Amino acid sequence: PPLDEAALDGSSPGGGAAAFHVYVLPRLKATGTLTIAGEALAVSGEAWLDHGWGAIPAASGQLVLNRLAVQLDDDRELTCIDFRRRDGTGTPITSCLLILADGRVQDFRRREIDLDPVTRWRSPQTAVEYPIAWQLAIRPLDLQLALTPIAPDQELDPSMGVWSGALDVTGRQGRADLGGNGVLTLSGYGRAGEGM
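To start, this report covers the structure provided alongside it. (Residues numbered from 1 in each chain as written. Predicted model: local features only at pLDDT ≥ 70, side-chain atom pairs only at ≥ 80, totals over all residues. Heavy atoms only, no water.)

**A word on the packing of aromatic side chains**
Both the distance between ring centres and the angle between the ring planes are used here to describe each pair of aromatic rings. Heads up, the rule is: Stacked, edge-to-face and tilted are the three classes for Phe, Tyr and Trp ring pairs, Trp counted by its six-membered ring, which pair at centre distances within 6.5 Å; planes under 30 degrees apart are stacked, over 60 edge-to-face, the rest tilted. Whether a residue is buried, partly exposed or exposed follows from its accessible area with a 1.4 Å probe, protein chains only, as a fraction of its type maximum: under 20%, in between, or over 50%, in that order. In this text, helices come from DSSP runs of H or I with a minimum length of four residues, and strands from runs of E with a minimum of two, each type numbered from the N-terminal end. By definition here, charges over rings are those cases where NZ of Lys or CZ of Arg is within 6 Å of the ring centre and within 35 degrees of the ring normal.
Per the counting criterion, the structure on display carries two aromatic pairs. Between the aromatic rings of W121 and Y130, the centroid separation amounts to 6.3 Å while the plane-to-plane angle is 20°, which identifies the pairing as stacked. With respect to class, W121 is no different from Y130; both count as buried. Ring geometry for Y130 versus Y189: centroids 6.1 Å apart, planes at 65°, classification edge-to-face. Taken as a pair, Y130 in strand β8 (residues 129-138) and Y189 in the segment after β11 (176-187) lie far apart in primary sequence, 59 residues in all. Here the aromatic cluster, defined as three or more aromatic residues joined through ring pairs, consists of W121, Y130 and Y189. Cation over ring: R84 sits above Y189, and NZ or CZ is 4.0 Å from the ring centre.

Next comes the structure, spelled out in structure tokens:
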């Protein structure tokens with residue numbers, strides 16, 4: 001069954017009421033129509049809804065974030081938030097939630113997680129370089145995932161300085177192969193003031 005609500009409370013430095021919060025509603029049933037060249041096609045599938053709010057406090061240096069949402073083929077969901085300073089200094093703070101098929105949640109913090117970019121893409125419109133493919137490892141789970149965009153050019157409105165796109169997900173947990181799909185949102189790679 002889908003989880004009613006999972007919160008990443010206190011994922012940002014400081015925690016508490018001023019922290020950055022997210023709730024997640026995975027595996028929502030979605031149906032509708034897609035019209036292409038005047039022809040309406042019935043579509044159905046699974047959707048993911050999340051909502052984030054709150055402050056991103058920082059003692060020094062403006063914080064920006066990357067967000068990852070993955071639906072694994074074994075009915076688990078994974079959502080990660082990666083805070084970092086816009087100027088590239090310091091150590092990024094990464095938090096992940098793994099939502100199990102029965103709705104239980106496992107929480108992982110930065111010392112348990114490796115999240116590393118492996119491929120970069122430069123926008124022909126803005127010349128901003130985005131890290132669009134990543135490797136994710138959660139050591140306590142012996143989980144390793146390759147996160148690969150289905151297309152490199154998934155930059156949003158160039159004035160926003162944000163890349164947000166669909167991912168193909170492959171990997172393993174222990175000796176078991178895993179697959180899935182996901183969405184990655186990258187921000188803070190443009191000029192100061194662009195993106196979130």
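Still more ground to cover, so stick around.
**Topic: the pairing of strand β5 (residues 93-99)**
To keep it simple, the criterion reads: Two strands qualify as a pair provided DSSP detects at least 2 bridges between them.
Burial analysis of β5 places six of its seven residues in the buried class, the great majority of the element. Where strand β4 (residues 77-85) meets β5, seven bridges bridge the pair, whose relative direction is antiparallel. By the bridge assignment for β5, D82 is matched with T94. Pairing of β5 with strand β6 (residues 105-108), which is carried by four bridges, proceeds in the antiparallel orientation. The partner of C96 across the bridge, within β6, is F108. The hairpin turn running from β5 into β6, its antiparallel successor, is five residues long, and G103 in that turn takes a positive phi close to 95°.

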